[in-house]
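One-letter residues, chain by chain:
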Amino acid sequence: MARRPMMAANWKMNKTVREAEEYLAALTPRVEADAGDGEVDVAVFVPFTALGAVGRMAGDSSVMAGAQNFYYEDSGAFTGEVSVPMLLDLGVRAVITGHSERREIFGETDTLVARKTSRALTAGLLPVVCVGETKEERDSGGMWDKVSKQVRAVVEGLGENASSGEVADRLVFAYEPIWAIGTGDTATPDDAQDAARKVRDLLGELRGEEFADRVRILYGGSVKPENVGEIMARDDVDGGLVGGASLEAASFIELVAGARKGTV
Ligand code: 13P
């Protein structure tokens, strides 16, 4: 089945409100103008401080405002956290869960990632769930052991939810090998395809072929305009989650165009 491609920017801890506004002012009209050239979901995952401005400027355009983090409880004594209703209030439509930086630096576990993903789906948000292995894990042949555990935890945590096609259309995985993030050391298109295929096969095992066929799987790790085409050309890779090369609006606009080309 034809899955709708997706190109997502993860700004990480970058940009003031003013810089975010300038970026959206450049990006949104371009994405809207090109929307007729092929369907592609575009999301920008921005810091909390810029979410109000980005949510307002993206509105219900073809650009989705996205949050890089949140907590699964709706309110209460959770100092420093932000909840799903708070994100919805700002016009947020997508979230990242399980980014390796949250797992490695802030200690997020598979269980926490699963709970957050489930909460996002219940709220109608589009979660991009990141999975991926370290260099040591890859070199010792442990890549699939790590990634399959991460995927399983999320899918098993969805419970009843997971059988519906509507959930499959919103659930997105991003295979982001940690050794390729911010290093310029991109996985080969074969590596990206191989990982995406394995994830899709596992989804099929857990929830059936039809479900697996609908879930989108992105690749992330040093994606840039020069390599997006060959990565997008692979069957099971449905788009990209981009850090460094998404920080300039012009470069991200090129990446979105690359995702469109992947559709034809
Ligand atoms: P880079 O594109 O900078 O390698 O970052 C990838 C990433 O972590 C996106 O979430």
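Residues numbered from 1 in each chain as written. Predicted model: local features only at pLDDT ≥ 70, side-chain atom pairs only at ≥ 80, totals over all residues. Heavy atoms only, no water.

(A) Main features of the packing of aromatic side chains. Taken as a whole and judged by the stated rule, the model has four aromatic pairs. Here Trp11 and Tyr23 contribute two aromatic rings whose centre-to-centre distance is 4.7 Å and whose plane-to-plane angle is 65 degrees, an arrangement assigned as edge-to-face. Here Trp11 is found in the loop between strand E1 (6-10) and helix H1 (17-34), whereas its partner Tyr23 is found in helix H1, with 12 residues between them in sequence. By relative accessible area, which is 0% here, Trp11 ends up buried. Aromatic rings pair up to connect Tyr71, Tyr72 and Phe78 into one cluster. Over the ring of Trp11 we find Lys15, and its NZ or CZ is 5.4 Å from the ring centre. The ring of Phe70 has Lys116 lying over it, and the distance from NZ or CZ to the ring centre is 5.5 Å. (Phe/Tyr/Trp six-rings, centres within 6.5 Å; stacked < 30°, edge-to-face > 60°. Helix = DSSP H or I, 4+ residues; strand = E, 2+ residues; numbered from the N terminus. Buried < 20%, exposed > 50% of the residue type's maximum accessible area, 1.4 Å probe, protein only. Lys NZ or Arg CZ within 6 Å of the ring centre and 35° of its normal.)

(B) A look at the site of the ligand. The full set close to the ligand counts 13 residues, and Lys12, Gly182, Ser222, Gly243 and Gly244 are the nearest of them. The backbone of Gly243 places a nitrogen or oxygen atom 2.9 Å from an oxygen atom of the ligand. Protein contact buries 95% of the 310 Å² of open area that the ligand shows by itself. In terms of residue class, the shell around the ligand is built from four nonpolar, seven polar and two charged. (Near = heavy atom within 4 Å. Polar contact = N/O pair within 3.5 Å; in protein donor to acceptor, adjacent residues only side chain to side chain. Areas by Shrake-Rupley, 256 points an atom, 1.4 Å probe, with all protein chains shown as cover. Nonpolar A, V, L, I, M, F, W, Y, C, P; charged D, E, K, R; others polar.)

(C) A look at the packing of helix H7 (residues 143-157) against helix H9 (residues 189-207). Where H7 meets H9, the axes come as close as 10 Å, and the angle between the chain directions of the two elements is 40 degrees. In terms of axis orientation, H7 runs oblique to H9. Considering how the two elements wind past one another, H7 and H9 form a crossing that is right-handed. For the pair H7 and H9, contact is made by Met143, Trp144, Val147, Ser148, Val151, Arg152, Val155 and Glu156 and by Ala195, Lys198, Val199, Leu202, Leu203, Glu205, Leu206 and Arg207, respectively. Counted by class, the contact of H7 with H9 contains 10 nonpolar, one polar and five charged residues. (Axes fitted to C-alpha atoms, helices over the stretch in contact; angles between N-to-C directions. Parallel < 35°, antiparallel > 145°, perpendicular 65-115°, else oblique. Left-handed = near helix turned anticlockwise from the far one by under 90°. Contact = heavy atoms within 4.5 Å.)

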